[in-house]
Structure formats: C-alpha cells, structure tokens
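Topology and contacts: notes
Chain residues, written in single-letter form:
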Amino acid sequence: MGLSRPHKAGNGVSTRWVSFFCIASFFLGVLVINRFWAIPDPDKLDEEASSVEKHKSRALNPTDDCEKKDAIVQTGDILSQVSQTHDVIMTLDKTISSLEMQLAAARAAKVNDDEGSPVVTKSGSEQFKDRPKVFFVMGIITAFSSRKRRDSIRDTWMPQGEELRKLEKEKGIIMRFVIGHSATPGGVLDRAVDAEDEQHKDFLRLNHIEGYHELSTKTQVYFSTAVAKWDADFYIKVDDDVHINLGMVGSTLARHRSKPRVYLGCMKSGPVLSQKGVKYHEAEYWKFGEEGNKYFRHATGQIYVISKDLATYISVNRQVLHKYANEDVSLGSWFIGLDVEHIDDRSLCCGTPPDFC
C-alpha cells in the first residue's frame, strides 16, 4: 500500500486563494467609494445646523418674530395713545368743571329767586333749562351815543337780518349790541334804542344803568345775562370801535374748545396810575404796592374771551366780586386766584381806531 496525496480539484482554484481575493475586493471597494464620496465642509455643516436650529426655534416659538414687530408698532402707537389720553382727560376735566359750575349756578339762581335778583328774571329751575347750545356769544359793548359806530359795524363785518339768524342756526354764533337803560327808564334815549332794536333785532338789553364809570358793573351784568340766555362754549366782549374778522376768531377759539377754563386776549401789564384827574386813574392804587408798580397780567379791554365756566363763575359770584376803576383790570382780578389758563393771543391786539382784530 502506498501513501495517498491531498486531493486537488482539476483546473480549480484553492479555497485559500478564494478567501484572499474576497478580502482584497472588499478593501478595494472601500477605497474606491471613499475617493468619490466627498467629505462635507465643516463650515457648511455649522450653517446647516444653525439653520435647522432656527427652524426648530420658530416652530416652537412662533410669536417671537411677531413680538418684535409688535414692539416696533407699539413704540409708534405710544405717543398717539398718550396724546389721545391727554385729550380725553382735558375733555373730562371740562365736563366735570362745567357740571360743578352749573350746580353752583343753579343754587345761586334759587337764592336769587328768594331774594329777588335784579338780573335774572326766570325762576332758578328755569334759568339754565332749555338754553340754546351755541359756539360763542359776542357782546359788542355800546352806548346811547354810539349809533354811528353801530351802523358802521352793521355795514362792514356784522351780518344783518336773515344772514344773522342763519349764522346763529348753522354756526352757533350769537352777536348782539349790549346796552343797559338810562337813569330814567322809558325816556328818550331808551325809546331810541327800542326803535333801533325793532328795526335790526340785534340788541341784548341789560338791567343796568348806563354810565362810563360803571363799565366794570356792566361787564359783570353782561356775562351773567349771556350765561342765563345761551349755553355757549365761549363768551366774548368787544368794544364798538373794534372791527372783527369772524373767521379768524372762530378758528382761534376752535383750538381751545376742549379746555375748561380759558381767558384769552391781548395780555398786558400797564402802570397803576395814582395821580388824580388823569385818565384811567386807579383810586385803589395802594393795593398794588408802591407807586410806579404795574398791574398783574390781564387782557386789554378792546376784546377778550372767557370760557363758559368762567362766565358762570362771574354769574354765581357777582355779588362779591370787587370792581376796580378799569373794567379790564376788574375782569383780570376776578381770575387771579383761580386755576385759569391765560392765553396771550397777539392777533387780538388791536391797532388804532377804527381797530381791526
């Protein structure tokens, strides 16, 4: 018996070689794949990761962007809201003040009924009832001897007849010549004014005796009478030698309509004249300090405007309001201790007669 040799497949490949070729093919494949599969740029990976994070953040917090936009919008709205709030407060202040003054006026009117008021003829319950609501009342202070001045005003800036009535109904603007009566009621002077009023129907008659040295009292009675007759935002006093631009006056007052206590005019501070016999002599000059002192700021008497609350204040307190020699000083003194806004409007500073304002 002889020894046998290991079996060899005819023309075949050894198993060992097959294993070797498989392993080599695997590593060759890995090398080839790595060569064509580029490695991503780290910076781009960071950007993509950051983008993904932002996406997630927006998905989780969708209100962040809206809040930023709202913050910008709200910043712009704050100033507007502050302005609106200020307007509301001013309007509310005016309403409250007006109600308080009306209550005081009603109480004063009731007292006047009991005592017999020389100015108010209606009962206290009716004085402030059913008054026409108007924009402003303009009282043109005149005298018995001023017929030519009145005619000049009628021929220039003051509407007449139906035009005057139309202005009252459509614009709420009341204009009247303001005059009292003579020392002997029913005399020649009073009858002449009665005839003039019958022709033009543009007078407001006061329960007051006319006289140059009674202008402070006349002004007081005018405001009291006007408040009882019309519920106006403003009450104006004008001298009969002043010519008015109604459009300018209306637009000026419209800017101050929301304010509760307004005193508007050409503000001045003239000297207190202590010398007797001179025009505008102030008998009570000593109340204003040493000789040579000036008055407090007040509107010149040619034209000035007060709001409803101040006119009502005059009406309620007319019995205790002190009257100085000069009517414009008297009016200014009535407001000196009150919470009143003094408005110096230079457009109301008149020139030489005939004055234009």
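Residues numbered from 1 in each chain as written. Predicted model: local features only at pLDDT ≥ 70, side-chain atom pairs only at ≥ 80, totals over all residues. Heavy atoms only, no water.

Put simply, the rule is: UniProt positions are given in the numbering used here, feature names are shortened, and annotations may be inferred rather than shown by experiment.
Per an unreviewed UniProt entry, the chain carries the name Hexosyltransferase and comes from Lithocarpus litseifolius. Heading Cofactor (unreviewed entry) of the UniProt record for the chain holds this comment: "Mn(2+)".

**Looking at the nonpolar core**
This is how the line gets drawn: Here the nonpolar core consists of buried residues drawn from Ala, Val, Leu, Ile, Met, Phe, Trp, Tyr and Cys, with membership extended through side-chain atoms lying within 4.5 Å. We call a residue buried when its accessible area falls under 20% of the maximum for its residue type, exposed when it is over 50%, and partly exposed in between, using a 1.4 Å probe and counting protein chains only. Put simply, DSSP marks the helices as runs of H or I at least four residues long and the strands as runs of E at least two long, and each gets a number from the N terminus on. We call two residues in contact when some of their heavy atoms are within 4.5 Å.
Phe136, Met138, Trp157, Met175, Ile236 and Ile244 are the most contacted members of the largest nonpolar core, which totals 32 residues. Those elements giving two or more residues to this core turn out to be strand 1 (133–141), helix 6 (162–171), strand 2 (173–181), strand 4 (231–239), helix 9 (246–254), strand 6 (262–268) and strand 7 (298–307). Non-local contacts of Met138, meaning those with residues more than four positions away in its chain, are made with Trp157, Ile174, Met175, Arg176, Tyr222, Ile236, Val238, Ile244, Leu246 and Val249. Grouped together as the second largest cluster of nonpolar side chains are 29 residues, Phe223, Ala226, Ala232 and Met267 included.

**Observations concerning the pairing of strand 3 (residues 203–209)**
Basically, it comes down to this: When DSSP finds at least two bridges between two strands, those strands are taken to pair. Here the term right-handed applies to a crossover when the path leading from its first strand over the helix to its second strand runs clockwise, the strands being oriented away from the viewer.
As defined by bridge partners, strand 2 adjoins strand 3 across four bridges and the pair is classed as parallel. For Phe177, the partnering residue across the bridge sits in strand 3 and is Phe203. In this fold, strand 2 hands off to helix 7 (residues 188–200), which returns the chain to strand 3; that crossover is right-handed.

**Side note on the pattern of salt bridges**
The condition that has to hold: Here a salt bridge means any side-chain nitrogen of Lys or Arg lying within 4 Å of a carboxyl oxygen belonging to Asp or Glu.
Taken as a whole and judged by the stated rule, the model has 24 salt bridges. Asp151 is the salt-bridge partner of Arg147, the closest N and O atoms lying 3.2 Å from each other. Note that Arg147 and Asp151 are positioned in helix 5 (residues 147–155) at a spacing of four residues, about one turn of the helix. In this structure, Asp231 and Lys308 form a salt bridge, with 3.0 Å as the shortest nitrogen-oxygen distance.

**Section: the side chain of Lys308**
Just so we agree on the cut-off: For this analysis, a polar contact is any N or O atom pair within 3.5 Å, provided that within protein one partner can donate a hydrogen and the other can accept it, and provided that sequence-adjacent residues contribute only side-chain to side-chain pairs.
With respect to the secondary-structure elements, Lys308 resides in helix 10 (residues 308–317). Among the polar contacts listed, one links the side chain of Lys308 to the side chain of Asp231, at a separation of 3.0 Å.

**Regarding the environment of Lys308**
For Lys308, a relative accessible area of 13% puts it in the buried group. Separated by 74 residues in the primary sequence, Lys308 and Phe234 place their C-alpha atoms 5.5 Å from one another.

**Some points on helix 9**
The complete set of buried residues in helix 9 reads Leu246, Met248, Val249, Gly250, Thr252 and Leu253. The inward-facing, buried residues of helix 9 abut strand 1, helix 6, strand 2, strand 4, strand 6 and strand 7. Regarding helix 9, its N-cap is Asn245, as a side-chain oxygen of that residue lies 3.2 Å from the backbone nitrogen of Gly247 further along.

**Considering a nonpolar patch on the surface**
Selection rule: Note that patches include only residues with greater than 30% relative accessible area and no salt bridge, and the join distances are 9 Å for like charges and 5 Å for nonpolar side chains (Val, Leu, Ile, Met, Phe, Trp, Tyr). The accessible surface values rely on the Shrake-Rupley method and a 1.4 Å probe; as for residues, cover is taken only from the protein chains in view.
A grouping of Tyr212, Leu215 and Tyr280 is seen on the molecular surface, where their side chains present a nonpolar patch of about 330 Å² in accessible area. Turning to its location among the elements, Tyr212 is positioned in the loop between strand 3 and helix 8 (215–229). You can call Tyr212 exposed: its relative accessible area is 54%.

**Observations concerning the sheet that holds strand 3**
Our working definition: Angular values range over 0 to 180 degrees, each being the angle between N-to-C directions of two axes fitted as lines to C-alpha atoms, with helices fitted over their stretch in contact.
Taken together, the seven strands give an open sheet; going across it, the order is 3-2-1-4-7-6-8, and neighbouring strands pair in mixed fashion. On the outer flanks of this sheet lie strand 3 and strand 8 (341–344), each paired with one strand and no other. Neighbour-to-neighbour, the strand axes of this sheet turn through a mean angle of 25 degrees, independent of strand direction. Its contacts with the sheet put helix 7 on strand 2 and strand 3, and the angle it makes with strand 3 is roughly 160 degrees. Packed onto the sheet, helix 10 meets strand 1, strand 4, strand 6 and strand 7 and runs at close to 105 degrees relative to strand 7.

**Notes on the side chain of Asn326**
Along the polypeptide, Asn326 turns up in the loop between helix 10 and helix 11 (327–335). According to the relative accessible area criterion, Asn326 is buried, its value standing at 11%. Apart from the residues lying within four places of it in its own chain, the contact partners of Asn326 are Ser216, Tyr280, Glu282 and Tyr295.

**A short note on the packing of helix 8 against helix 10**
Rules: Angle categories are assigned with fixed cut-offs, so that under 35 degrees is roughly parallel, over 145 is roughly antiparallel, 65 to 115 is roughly perpendicular, and the rest are oblique. A crossing counts as left-handed when the near helix is turned anticlockwise from the far one by less than a right angle, and as right-handed when that turn is clockwise. Residues are grouped as follows: Ala, Val, Leu, Ile, Met, Phe, Trp, Tyr, Cys and Pro are nonpolar; Asp, Glu, Lys and Arg are charged; all remaining types, including Gly, are polar.
It is at 8 Å that the axes of helix 8 and helix 10 come closest, and there the two elements cross at 110 degrees. Of the possible angle classes, the one that applies to helix 8 and helix 10 is roughly perpendicular. Regarding helix 8 and helix 10, the two cross each other, and that crossing is left-handed. Mapping the contact onto sequence places Gln220, Phe223, Ser224 and Val227 in helix 8 and Ala311, Thr312, Ile314 and Ser315 in helix 10. The class makeup of the residues in the contact of helix 8 with helix 10 is four nonpolar, four polar and no charged.

**Focus on the state of the cysteines**
Selection criterion: Criterion for a disulfide: a pair of cysteine sulfur atoms within 2.5 Å.
Evaluated as defined, the whole model comprises one disulfide. Two residues, Cys266 and Cys349, share a disulfide whose sulfurs are 1.9 Å apart. On the S-S bond that ties Cys266 to Cys349, the torsion sits near 95 degrees, and the link is right-handed. Of this pair, Cys266 sits in strand 6 while Cys349 sits in the loop between strand 8 and strand 9 (355–356), and the two are 83 residues apart along the sequence. Judged by relative accessible area, Cys266 falls into the buried class, the value being 10%. In this structure Cys349 comes out as partly exposed when scored by relative accessible area, which is 26%.

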